[in-house]
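Residues per chain, in single letters:
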Amino acid sequence: MNNAEKILDYWYESEFFSPCWTIDPKTDIDIIKQEKFFPYYEEDPSKQVSFDIYIGKVDVQEVIQWMLDRAGLEDDNYGNDYGNGSCCLCALRMDAEGNYISDSFVVSPFIWAIKQLVANGFESKLDIEELEWLQDYVNKKLGIKMIAIDNLVNFAVEAIFEDIDITIISPEIWAKKEVQYGRYNKDLEMYEFPELPTSTDIIGSFILKDIEKVRSAPTDRIIEYVEALNQPNNHKVEIDVDTNEMEKWLIADKFPLGMWPSEYQPCLMQQIAINISCSNEQRIFSVNGPPGTGKTTMLKEIIVSNIIQRAMVMCEYNHPDDAFEYCKLKEPFQYNKNYVLHSRFYV
C-alpha cells in the first residue's frame, strides 16, 4: 500500500468518528417524560407533522474510555480529556400517529465504529457498506413489527450494541418536530402534502461516501494533492503570506469580466482564489475553509465568469449550430450524444 492509499484510508475511517447529538432540551421533546406523546394532533390543516426520534444517549468520554479498557490500552497522549459531548445510539422517523416511516432507521457511525474496533481489533477496516447492511437489516425488522417507543433503547442495545457496557447508556428518547406545509387543492378541497422524508441528521460526516469514491479510483491529481506534504517544496506558494504573489493575481487584467449581483463583494483571499480559478494560467485543486467563510460565494463568481466566457465564444459564431461538433456514438440508443459543445467552451 503506497502513501496516498494509506492517507486516503485514514481520512475515510476518521470520518466515522464524529459523534452526533443535536438535541436542544429547550425546543425538543423528551418522550420518556411524556405520559402519552402519540398520536400528536396538529390543529392547522395546512401542516403535516413528523418527528426525528433519537434513541439512547452516551457520553463521548465514557464510550471512548470503555473502548480503551476493553482493548487493554491507555491514552498516554491526552489522559482522560477526550472532549466533552454526547452521542445517540441510533435514530428513526415517525409520523404524527407514531407510525414508523419506512427505511428511516440509521445507526450512529461513531458508536458503530467504536463497537467494530472493540469486536474485531484496532487493525480491522471500517466499511460504510457494512454499516448500511446493518441498517437495512433493522429497517426490514421494523417494517414487519414496530417496537413500542418506550422499548426502543432496549431494542437498539439487543439488536446492535449488545457488547457495549449498558451502564454507560442513558435510556433517553428525544423527538425533533418537523413541519411540512401542504398545497391546497381546490378541486379536492383539501391540502396535499409531499411524502414524509426518511433522513435524519444523525450522520456526522457529509463527505464519507465522497472519500470512498476517491479512494476506490484515485486520479493522478488526487494522488498529487494527497501526497503534497511528502513532496519537495519547489513549487509550493503560501499565497496568504507572499505579498509578491498576491500582487501578481490582483492586477486589473487578472479579474474576471463579470460579477454576481450581490450586496457584498469578495474579500481579499476570495478574490485571489477567483482570479486564479478564472485565469486558466494556474492549476488550482481546492479552496478550503470552515462553514460560513465564503466558499459558495466564491464559487458563484467563478460560475459568472464561465457564463461570460462562453457568451464571448458564442458571439464569434455566425450560426448557433456552429457551436457544436460531431461526436461518435458510444451508446447507440442515446441519440442526443450525436453532437456536443465545441471543445473551445471547455478551455
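As a reminder, the structure under discussion sits directly above these lines.
Residues numbered from 1 in each chain as written. Predicted model: local features only at pLDDT ≥ 70, side-chain atom pairs only at ≥ 80, totals over all residues. Heavy atoms only, no water.

Hey, could you run me through the overall build of the protein in this one?
Per the secondary structure count, the protein includes ten helices and ten strands. Structurally, the protein occupies a C-alpha span of about 75 × 70 × 50 Å along its principal axes. Expressed as a percentage of contacts within the protein between residues at least 6 apart in sequence, the contacts between residues at least 24 apart total 69%. Accessible area for the protein stands at about 22,600 Å²; split by element, carbon and sulfur atoms hold 52% of it. Side chains of the protein give 32 positive and 59 negative charges; the mean places of these two sets differ by 4 Å. (Helix = DSSP H or I, 4+ residues; strand = E, 2+ residues; numbered from the N terminus. Contact = heavy atoms within 4.5 Å. Areas by Shrake-Rupley, 256 points an atom, 1.4 Å probe, with all protein chains shown as cover. Lys, Arg positive; Asp, Glu negative; His and termini not counted. Charge placed at Lys NZ, Arg CZ, Asp CG, Glu CD.)

Help me out: how do you make sense of the layout of surface pockets in this one?
The method is simple in principle: a probe with the dimensions of a water molecule rolls over the atoms, and the space it marks as empty is what remains. A volume near 400 Å³ is recorded for the second largest pocket. Surrounding the second largest pocket, 14 residues form its lining, Tyr-10, Glu-13, Phe-17, Leu-117 and Phe-122 being those nearest its centre. Elements with a contribution of two residues or more to the lining of the second largest pocket: helix H1 (3–14), helix H2 (60–71) and helix H3 (109–120). If you tally residues by element for the lining of the second largest pocket, the top one is H1, at four residues. Among the residues making up the lining of the second largest pocket, the classes are represented as eight nonpolar, two polar and four charged. (1 Å grid on protein atoms, 1.4 Å probe; cavity = no way out; pocket = protein on both sides within 12 Å on 5 of 7 lines; lining within 4 Å. Points joined across faces, edges and corners; volume = space filled by probe spheres on them. Nonpolar A, V, L, I, M, F, W, Y, C, P; charged D, E, K, R; others polar.)

For this particular structure, what's the right way to read a nonpolar patch on the surface?
Judged by side-chain polarity, Trp-260, Leu-299, Ile-303 and Ile-307 come together as a nonpolar surface patch covering roughly 370 Å² of accessible area. Structurally, the position occupied by Trp-260 is in the loop between helix H8 (243–250) and helix H9 (268–279). (Patch = residues over 30% accessible without salt bridge, like charges linked within 9 Å, V, L, I, M, F, W, Y side chains within 5 Å. Salt bridge = Lys/Arg side-chain N within 4 Å of Asp/Glu carboxyl O.)

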